[in-house]
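# A look at the structure
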Amino acid sequence: MFKIFNSILWSTAIVFLIGGGLYFTVKLKFIQLKFIKMFKSFKHNPNEKISPFSALTMALAARIGVGSLAGIALAIYTGGPGTVFWIWVSSIITSVNSFSESVLGIVYREKDGDVHKGGPAYYISKGLKNNTLAKIYALIIIIAYIFGFMTIQANTITTSISNYININPLIIGIILASITAYSILKGVKQIVSLTNKLVPVMGLVYVFLSIYIVVANFEQLGSILTLILKSAFDIKSFGIGIITTFIIGIQRGVFSTEAGLGSGAIASSTTDSKDAVKIGLTQVLGIYFTSFVVCTATAFIILTSDYTSLNLTNINGIEITQYALQYHLNDLGILILIFSILSFAFSTIIAGYYYGESNLKFLDKNVKKSHILILKILTVILLVIGSIIRASIIWSIVDILVAIMAVINMYAIYNLRDVVKKELNKHNKNI
């Protein structure tokens, strides 16, 4: 019954995400393919305390978590290599959703002391004049990130370390929770500062590692690409087989890039920049980096190993990536993965916490500091719980919450489509 409900919900979410992406692609004249504009959008104004690049690193910190390492592995293991193709396709189509939500995030954001706050809850409330739906979304994103996304990050960290070192996962969870507590107690500027430093480093290390493995296995590149395409359009499994591969590919693609969920708009809203289109373009570039660089690198590392020999239960996904890296680099691969997991997952945790705090402030405009402190304490406790709970339970909860977020957010940005178009027209006139 649970699987049927999840399938129906995700089928609906895919219609909203892909349908909305195709609509905005045409309406905004293929804005997600304007690469020169994307790179120009990084130009920094010295007067901006939080630059577009800083907002992007926060969004990337949330995106490049275990979805790019464990999620892709899980997709390949359960849906086959063809899921990688559908992840690529969905990223191109849905990236325009991320552009649209980021533009709306800037248009409808509010001041929060000396910084800004915003996101879907704000543009649903102020743009659609639907405060009830806005509160529902805000509550869901708090649950999704604090109870879901962050616990799966903690679970992945503990799984990757405890599989290699004989140490109680609870101890790892307590250490992780303690480090996180120190970070989030410093506030949004500290979170932005941390992600500014962590994201570029972790991204470069993982990319260089992937390039090394690609070069070492270059003769397999053609056969791997062929395998991905054949699996994506496997005539023998036409029907249920292709549908399963397609749905799993979209699910994991959305989980990795978060395009269309609205979370990118929360990060975008923190910047001091007033150019909504410029911020939207930086977020599109972030989607491409996550999907075509990090996720593709993970897929290639796995597909060039003999991962099919694994027989796993209660699967997190990271076990597959861990096995593949050890296959290519022996114990060095495990150590690099642990470093990558710690960097990726930790940055996702602190960015995800901010998403929760931002939406708590929406639910209660006069939220007391004591209530925010309670949220921080709850976050720390859940990280410990996440380190020891079954991974399959967390993934099931996260999948449902992501689908609901996607449906609500896509409904909102579609109804505010004229605002997005107006901002794009204004931007084009000024350049």
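## Some remarks on the overall build of the protein chain
Helix and strand counts for the protein chain come out as 18 helices and 2 strands. With 431 residues in all, the protein chain has 61% of them scored as buried. For the protein chain, the proportion of contacts with a sequence separation of at least 24, taken over those separated by at least 6, is 85%. For the protein chain, the computed accessible surface area is about 17200 Å², with 67% contributed by carbon and sulfur atoms.

## So, the packing of helix α13 (residues 276–303) against helix α14 (residues 318–329)
With their axes 8 Å apart at the nearest point, α13 and α14 run at an angle of 65° to one another. For α13 against α14, the interelement crossing comes out left-handed. The segment α13 lies against α14, with T298, I301 and I302 engaging I320, T321, A324, L325 and H328. Grouping the amino acids of the contact of α13 with α14 by side-chain chemistry returns 5 nonpolar, 3 polar and no charged.

## Some details on the nonpolar core
It is characteristic of soluble globular proteins that their nonpolar side chains tend to be buried jointly. The biggest cluster of nonpolar side chains holds 89 residues, and the ones touching the most others in it are W10, L28, F99, Y123, I124 and M405. For this core, the element with the highest residue contribution is helix α7 (residues 131–162), accounting for 16 residues. Counting residues in each nonpolar core, the second largest holds 33 residues, with I87, L303, I320 and L329 among its members.

## Structural notes on the pattern of salt bridges
Inspection of every chain in the model, using the stated rule, returns 4 salt bridges. Between E110 and K126 there is a salt bridge; the shortest N-O distance is 3.8 Å. Note that E110 is positioned in strand β1 (residues 110–112) and K126 in helix α6 (residues 120–126), a separation of 16 residues in sequence. In this structure, E357 and K361 form a salt bridge, with 3.1 Å as the shortest nitrogen-oxygen distance. With E357 and K361 both in helix α15 (residues 331–363) and 4 residues apart, the pair spans about one turn of that helix. The exposure class assigned to E357 is buried, which follows from its relative accessible area of 8%.

## So, the packing of aromatic side chains
A complete count under the given rule lists 9 aromatic pairs for this structure. Ring plane angle 65° and centroid distance 5.3 Å describe the contact between Y23 and Y414, whose orientation is recorded as edge-to-face. Pair noted here: Y23 is in helix α1 (residues 2–27) and Y414 is in helix α17 (residues 391–415), with a separation of 391 residues, a long-range link. Take Y23: its relative accessible area is 30%, and that puts it in the partly exposed class. Using a relative accessible area of 38% as the deciding quantity, one classes Y414 as partly exposed. Ring geometry for F85 versus F233: centroids 5.2 Å apart, planes at 65°, classification edge-to-face.

## Thoughts on helix α10 (residues 221–232)
Along an α-helix, residues three or four apart share an orientation, since each turn contains 3.6 residues. Over its 12 residues, α10 runs 17 Å from end to end, which matches the ideal 16 Å to within 8%, given 1.5 Å per residue. Among the residues of α10, I224, I228, S231 and A232 are the ones counted as buried. For α10, the arc enclosing every buried residue in end-on projection is 105°, short of the 170-degree limit, so these residues lie on one face.

## Quick look at the packing of helix α4 (residues 70–79) against α13
Closest axis-to-axis distance for the α4/α13 pair is 9 Å, and the angle between their directions is 50°. By the angle class used here, α4 and α13 are oblique. The handedness of the crossing between α4 and α13 is right-handed. For the pair formed by α4 and α13, the contact residues are I72, A73 and I76 on the first element and C295, T298, A299, I302 and L303 on the second.

## Digging into unusual backbone geometry
Phi is positive for F30, close to 55°, though the residue is something other than glycine. Topologically, F30 is positioned in the loop between α1 and α2 (35–40). The phi torsion at K129 lies on the positive side, around 60°, for a residue other than glycine. On the secondary structure map, K129 appears in the loop between α6 and α7. Given a relative accessible area of 68%, K129 falls into the exposed group.

## Side note on the side chain of S102
Within the element layout of this structure, S102 appears in helix α5 (residues 82–107). Exposure remark for S102: the relative accessible area of 0% places this residue in the buried category. Setting aside residues no more than four positions away along its own chain, S102 makes contact with G264, A265, S268, I279, G280 and Q283.

## Some points on the environment of G352
Inspection of the secondary structure assignment puts G352 in helix α15. Along the primary structure G352 and A267 are separated by 85 residues, whereas in three dimensions their C-alpha atoms are 9.9 Å apart. The contact partners of G352, leaving out residues within four places of it in the chain, are Y145, I146 and M150.

## Here we look at a nonpolar patch on the surface
A cluster of nonpolar side chains, L185, L373, I377, I381, I385, I389, I393 and I397, forms an exposed patch at the surface whose accessible area comes to about 670 Å². Of all the elements in the fold, those that place two or more residues in the nonpolar patch are α16 (369–386) and α17. When residues of the nonpolar patch are assigned to their parent elements, the largest contribution, 4 residues, is made by α16. Secondary-structure assignment places I377 in helix α16. You can call I377 partly exposed: its relative accessible area is 46%.

What counts and what doesn't
Residues numbered from 1 in each chain as written. Predicted model: local features only at pLDDT ≥ 70, side-chain atom pairs only at ≥ 80, totals over all residues. Heavy atoms only, no water. Helix = DSSP H or I, 4+ residues; strand = E, 2+ residues; numbered from the N terminus. Buried < 20%, exposed > 50% of the residue type's maximum accessible area, 1.4 Å probe, protein only. Contact = heavy atoms within 4.5 Å. Areas by Shrake-Rupley, 256 points an atom, 1.4 Å probe, with all protein chains shown as cover. Axes fitted to C-alpha atoms, helices over the stretch in contact; angles between N-to-C directions. Left-handed = near helix turned anticlockwise from the far one by under 90°. Nonpolar A, V, L, I, M, F, W, Y, C, P; charged D, E, K, R; others polar. Core = buried A, V, L, I, M, F, W, Y, C linked by side-chain atoms within 4.5 Å. Salt bridge = Lys/Arg side-chain N within 4 Å of Asp/Glu carboxyl O. Phe/Tyr/Trp six-rings, centres within 6.5 Å; stacked < 30°, edge-to-face > 60°. Expected span 1.5 Å × (residues − 1). Arc of directions from axis to C-beta. Parallel < 35°, antiparallel > 145°, perpendicular 65-115°, else oblique. Patch = residues over 30% accessible without salt bridge, like charges linked within 9 Å, V, L, I, M, F, W, Y side chains within 5 Å.

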